[in-house]
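Results of the structural survey
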Amino acid sequence: QVQLVESGGGVVQAGGSLRLSCAASGRTFSSYGVGWFRQAPGKERELVAAISSSSTYHRNSVKGRFTISRDNAKNTVYLQMNSLKPEDTAVYYCAATSGNIFLGAYNSWGQGTQVTVSS
C-alpha cells in the first residue's frame, strides 16, 4: 500500500491557477497509477485526471486547462490547474491503484485539499 498526502489547494479567482501535489510513500510508487478525483458538496466523486507509467487521462471538462504529471524521483504526482472556473470548486483527492487507471480499484486515498474558485 501507499500513503498519500495532497496539498496546494486554496482560494483563487476565476481564470487563475493552482498546482496540486500528491506526495506518496513507498518504494514501488512508480508502479502505481494515480488519479485525481474531486467532489463538490452534494455531488458524487468524479475522476478528473489520471496517470500511469504509460498514459494520461483528462476528463473532457478540464482538457486544455489541467495537466497531470509525475516525478517518480520525488514520489509526487501533480495537477496543474489553469484557467480555473467556479465549477471547478470541490475537494480534490488523489488516489493510487496497482491496476488499470480506468478499471483498477483505487484503494489508497489522500485526505483531500479544498479548491475554491470565486466568480
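We now turn to the structure provided with this report. These figures come from a predicted structure and were not determined experimentally.

For Ala 14, the location among the structural elements is in the loop between β2 (10–13) and β3 (18–24). Distance in space between the C-alpha atoms of Ala 14 and Asp 88 is 9.5 Å, their sequence separation being 74 residues. Once you skip the residues sitting within four places of it in the chain, Ala 14 turns out to touch Leu 84, Pro 86, Val 117 and Ser 118.

One pass over the full model with this rule turns up four aromatic pairs. Aromatic pair Phe 37 and Tyr 106: ring centres 5.0 Å apart, planes at 85°, arrangement edge-to-face. Placement of the pair is Phe 37 in strand β4 (residues 33–39) and Tyr 106 in the loop between β9 (90–97) and β10 (108–109), with a sequence separation of 69 residues. Where Tyr 93 meets Trp 109, the ring centres are 6.4 Å apart and the plane angle is 75°; that geometry is what we call edge-to-face. Taken as a pair, Tyr 93 in strand β9 and Trp 109 in strand β10 lie far apart in primary sequence, 16 residues in all. The class of Trp 109 is partly exposed, set by a relative accessible area of 31%. Pairwise contacts between aromatic rings join Phe 37, Tyr 93, Tyr 106 and Trp 109 into one cluster. Here Arg 19 stacks its cationic end above the ring of Tyr 78, 3.9 Å away from the centre of that ring. The ring of Phe 37 is capped by Arg 45, whose NZ or CZ atom sits 5.9 Å from the centre of that ring.

All chains considered together, the criterion is met by one disulfide. Here Cys 22 connects covalently by a disulfide to Cys 94, the sulfurs 2.1 Å from one another. On the S-S bond that ties Cys 22 to Cys 94, the torsion sits near 70°, and the link is right-handed. Linking Cys 22 in strand β3 with Cys 94 in strand β9, this pair joins segments that are 72 residues apart in sequence. Of the two residues, Cys 22 and Cys 94, both sit in the buried class.

Let us look at the pairing of strand β8 (residues 76–81). Within a regular beta strand, the side chains point alternately toward one face of the sheet and then the other, so they alternate between its two faces. With respect to burial, β8 is a largely interior element, five of its six residues being buried. Relative to β8, β3 runs antiparallel, the two being bridged by six bridges. When the sheet's bridge partners are listed, Leu 20 is paired in β8 with Leu 79. Two strands pair when backbone bridges link them, and strand β7 (residues 66–71) and β8 are joined in this way by six bridges, in the antiparallel orientation. Note that in β8 the partner of Ser 69 across the bridge is Tyr 78.

What counts as what
Residues numbered from 1 in each chain as written. Predicted model: local features only at pLDDT ≥ 70, side-chain atom pairs only at ≥ 80, totals over all residues. Heavy atoms only, no water. Helix = DSSP H or I, 4+ residues; strand = E, 2+ residues; numbered from the N terminus. Contact = heavy atoms within 4.5 Å. Phe/Tyr/Trp six-rings, centres within 6.5 Å; stacked < 30°, edge-to-face > 60°. Buried < 20%, exposed > 50% of the residue type's maximum accessible area, 1.4 Å probe, protein only. Lys NZ or Arg CZ within 6 Å of the ring centre and 35° of its normal. Disulfide = S-S within 2.5 Å. Pairing = 2+ DSSP bridges.

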